[in-house]
Amino acid sequence: MPQKTLADTLAARETVYVNCGHPMCCKSTKLDIQALIDRLGPDHGSMHDDLVKIFACSHCKAAGRDRRPVFFTFIPDYEGQ
């Protein structure tokens, strides 16, 4: 079982961004956690190693750039604390 699941992330009301690691791009996109749960299931892990395999930068692909690893930014729900 993963250390932290998508359901845990949703329950904690965390905001998650996926960021392109290519220096010519650096695009950042806010993830819809509920949509990920609908697609992958609530018990799917939400840690870097769990998500990195399913994301790639579509902007870099369209521009013909080489694929670089993506990384994630998790922002806690500070208002709820």
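Conventions we followed
- Residues numbered from 1 in each chain as written.
- Predicted model: local features only at pLDDT ≥ 70, side-chain atom pairs only at ≥ 80, totals over all residues.
- Heavy atoms only, no water.
- Helix = DSSP H or I, 4+ residues; strand = E, 2+ residues; numbered from the N terminus.
- Buried < 20%, exposed > 50% of the residue type's maximum accessible area, 1.4 Å probe, protein only.
- Areas by Shrake-Rupley, 256 points an atom, 1.4 Å probe, with all protein chains shown as cover.
- Lys, Arg positive; Asp, Glu negative; His and termini not counted.
- Charge placed at Lys NZ, Arg CZ, Asp CG, Glu CD.
- Core = buried A, V, L, I, M, F, W, Y, C linked by side-chain atoms within 4.5 Å.
- Contact = heavy atoms within 4.5 Å.
- Phe/Tyr/Trp six-rings, centres within 6.5 Å; stacked < 30°, edge-to-face > 60°.

J.: Help me out: how do you make sense of the overall build of the protein chain in this one?
T.: Check the secondary structure of the protein chain and you find four helices and three strands. Mapped in sequence order, the helices and strands of the protein chain form the string α-β-β-α-α-α-β. Judged by the C-alpha coordinates and their principal axes, the protein chain covers about 40 × 30 × 20 Å. Within the span of the protein chain, comprising 81 residues, buried residues form 28% of the whole. Carbon and sulfur atoms make up 52% of the accessible area of the protein chain, which totals about 5500 Å². Charge separation in the protein chain, taken as the distance between the mean sites of 10 positive and 10 negative side-chain charges, equals 11 Å.

J.: Please clarify how the nonpolar core should be interpreted in this entry.
T.: Side chains of nonpolar character tend, in soluble globular proteins, to be buried together. Leu 6, Val 16, Val 18, Leu 31, Ile 33, Leu 36, Ile 37, Leu 51, Phe 55, Val 70 and Phe 72 form the largest nonpolar core, which has 11 residues in total. Secondary structure elements with two or more residues in this core: strand S1 (15–20), helix H2 (33–40) and strand S3 (70–75). Tallying contributions element by element places H2 first for this core, with three residues. Setting aside its immediate chain neighbours within four residues, Ile 33 contacts Leu 6, Thr 9, Leu 10 and Val 16.

J.: Help me understand the packing of aromatic side chains, please; the structure alone is not making it clear to me.
T.: Given two aromatic rings, their pairing is described by the distance between the two centres and the angle made by the two planes. Evaluated as defined, the whole model comprises one aromatic pair. Ring plane angle 70° and centroid distance 5.8 Å describe the contact between Phe 55 and Phe 72, whose orientation is recorded as edge-to-face. Of this pair, Phe 55 sits in the loop between helix H3 (48–51) and helix H4 (58–63) while Phe 72 sits in strand S3, and the two are 17 residues apart along the sequence. For Phe 55, a relative accessible area of 16% puts it in the buried group.

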